[in-house]
Amino acid sequence: MKKISLVLLSIVFSISFANAQTITKPYDFPVKPGTTAWAKLKSTKEIYDATQIPIEILKNMTTEALVKTCLSYPNLLLMYAYNDFQKGFDELKNNFNGFQELMLRKDAGTELIKIYQQMNPMDLNKNWASEQQGGFVIRFNYIEVIISQYQILNSLNENEKKLLAKECLKKFDTKKINMDVFAIPGLETTGLIMGRILETKNLLQKSGDKVNFLETGRSNGEEQLIEIYNKAKAYVN
């Protein structure tokens with residue numbers, strides 16, 4: 001009887017494994033801003049509950065699909081509910097299973113870099129309405145805060161870290177051209193990636209004002225960010 005049970009268990013496992021298909025498309029959140037269902041949500045908890053990814057989908061998503069899903073998370077503006085970027089991201093990560101899964105994926109950084117490379121601050125159109133310009137800036141802040149997480153940066157090899165640092169230097173330069181739109185917070189999220197990369201390489205000491213910046217993502221001004229920029233430039237050359 002015991003042998004028969006083991007055989008049956010093996011068959012069931014095999015069938016379940018075969019039926020688990022890899023999901024390559026991002027999850028389309030059924031409840032999101034603009035829908036009737038979204039308008040009916042009364043609290044932050046209800047919003048979080050309504051925007052979880054079903055577990056059978058989450059565990060079978062490719063990392064590329066998962067990254068794109070996280071970048072389209074309907075509740076991303078909650079990242080700005082706190083005075084610093086890290087607390088805002090922690091709030092999202094602690095309450096959204098997509099971010100929790102993303103932090104476990106060893107190739108998350110690689111996939112995030114691919115998308116980040118395709119984003120260009122110079123695509124900003126000054127003729128856009130202020131709301132559209134703000135949304136454009138937020139998308140940069142959002143992906144940069146995700147990339148800056150230590151779990152992501154520590155998953156990168158040396159070549160990927162240098163590639164990412166070079167990309168951040170380019171983004172920093174082009175954001176400065178449109179400082180009236182990106183402003184200091186737009187530079188801070190780019191600088192946070194560079195600062196934390198340098199920290200992982202022991203090229204930036206966590207002392208003084210740098211401690212607060214590396215922990216929160218909020219700087220004491222452009223001068224501090226330029227210092228990190230120059231150290232990142234030396235690192236990649």
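See above for the structure.
Residues numbered from 1 in each chain as written. Predicted model: local features only at pLDDT ≥ 70, side-chain atom pairs only at ≥ 80, totals over all residues. Heavy atoms only, no water.

*Asks:* Pulling in residues and values, what's your account of the overall build of the protein chain?
*Replies:* Tallying secondary structure elements over the protein chain gives 14 helices and zero strands in all. Counted from the first residue to the last, the protein chain has its helices and strands arranged as α-α-α-α-α-α-α-α-α-α-α-α-α-α. With the principal axes as the frame, the protein chain shows a C-alpha extent of 75 × 45 × 30 Å. In the protein chain, which comprises 237 residues, the share counted as buried stands at 44%. The long-range share in the protein chain, meaning contacts at least 24 apart out of those at least 6 apart in sequence, stands at 72%. In the form shown here, the protein chain has an accessible surface area of approximately 12600 Å², with 54% of it arising from carbon and sulfur atoms. The average position of the 30 basic charges and that of the 26 acidic charges among the side chains of the protein chain differ by 5 Å. (Helix = DSSP H or I, 4+ residues; strand = E, 2+ residues; numbered from the N terminus. Buried < 20%, exposed > 50% of the residue type's maximum accessible area, 1.4 Å probe, protein only. Contact = heavy atoms within 4.5 Å. Areas by Shrake-Rupley, 256 points an atom, 1.4 Å probe, with all protein chains shown as cover. Lys, Arg positive; Asp, Glu negative; His and termini not counted. Charge placed at Lys NZ, Arg CZ, Asp CG, Glu CD.)

*Asks:* Which residues make up the pattern of salt bridges, and what values go with them?
*Replies:* For side chains of opposite charge, pairing can occur when their charged atoms come near one another. One pass over the structure, following the stated rule, counts 14 salt bridges. Of the charged contacts, one joins Lys175 and Glu144 as a salt bridge, the two residues approaching to 2.7 Å between their closest N and O atoms. In this pair, Lys175 sits in helix α11 (residues 158–177) while Glu144 sits in helix α9 (residues 130–147), placing the two residues 31 residues apart along the sequence. We classify Lys175 as buried; its relative accessible area is 0%. Several salt bridges share partner residues, and in doing so they unite Lys59, Glu101 and Arg105 into one network. (Salt bridge = Lys/Arg side-chain N within 4 Å of Asp/Glu carboxyl O.)

*Asks:* Before we move on, could you go through the environment of Leu58 and cite the residues and values that matter?
*Replies:* Examined against the element boundaries, Leu58 turns out to sit in helix α4 (residues 55–58). Leu58 sits in the buried class, given a relative accessible area of 3%. Once you skip the residues sitting within four places of it in the chain, Leu58 turns out to touch Ile53, Leu66, Asn97, Gly98, Glu101 and Arg105.

*Asks:* Pulling in residues and values, what's your account of unusual backbone geometry?
*Replies:* One non-glycine residue with positive phi stands out, namely Ala183, at about 60°. Positive phi, close to 60°, is recorded for Asn202, a residue that is not glycine. Among the structural elements, Asn202 can be located in the loop between α12 (179–200) and α13 (209–216).

*Asks:* I'd like to hear about the packing of aromatic side chains, residue by residue, with values.
*Replies:* A complete count under the given rule lists 14 aromatic pairs for this structure. Geometrically, the ring pair formed by Phe29 and Tyr73 is edge-to-face, given 5.9 Å between the ring centres and 70° between the ring planes. One end of the pair, Phe29, is in the loop between α1 (2–19) and α2 (36–39); the other, Tyr73, is in the loop between α5 (63–71) and α6 (85–95), and 44 residues separate them in sequence. Judged by relative accessible area, Tyr73 falls into the buried class, the value being 1%. Ring plane angle 20° and centroid distance 4.0 Å describe the contact between Tyr73 and Phe96, whose orientation is recorded as stacked. Of the two residues, Tyr73 sits in the loop between α5 and α6 while Phe96 sits in the loop between α6 and α7 (97–102), which places them 23 residues apart along the sequence. Here Lys162 stacks its cationic end above the ring of Tyr235, 5.5 Å away from the centre of that ring. Lying over the aromatic face of Tyr116, Lys171 brings its terminal NZ or CZ to 4.4 Å of the ring centre. (Phe/Tyr/Trp six-rings, centres within 6.5 Å; stacked < 30°, edge-to-face > 60°. Lys NZ or Arg CZ within 6 Å of the ring centre and 35° of its normal.)

*Asks:* Would you mind going over the side chain of Lys210 in detail, with residue names and values included?
*Replies:* Among the structural elements, Lys210 can be located in helix α13. A distance of 3.2 Å separates the side chain of Lys210 from the side chain of Glu227, its partner in a polar contact. If we ignore the near neighbours within four places in the chain, the residues touching Lys210 are Leu204, Gln205, Gln224 and Glu227. (Polar contact = N/O pair within 3.5 Å; in protein donor to acceptor, adjacent residues only side chain to side chain.)

*Asks:* Give me the lowdown on the packing of α5 against helix α8 (residues 108–118), citing residues and values where you can.
*Replies:* Interaxial distance between α5 and α8 falls to 9 Å at its minimum, and their mutual angle equals 60°. When the axes of α5 and α8 are compared, the pair comes out oblique. Crossing geometry of α5 relative to α8 is assigned as right-handed. When α5 is examined against α8, the residues Thr63, Glu64, Val67, Lys68 and Leu71 are found in contact with a partner set consisting of Ala108, Glu111, Leu112 and Ile115. (Axes fitted to C-alpha atoms, helices over the stretch in contact; angles between N-to-C directions. Parallel < 35°, antiparallel > 145°, perpendicular 65-115°, else oblique. Left-handed = near helix turned anticlockwise from the far one by under 90°.)

These values are about where atoms sit, not about what they do.
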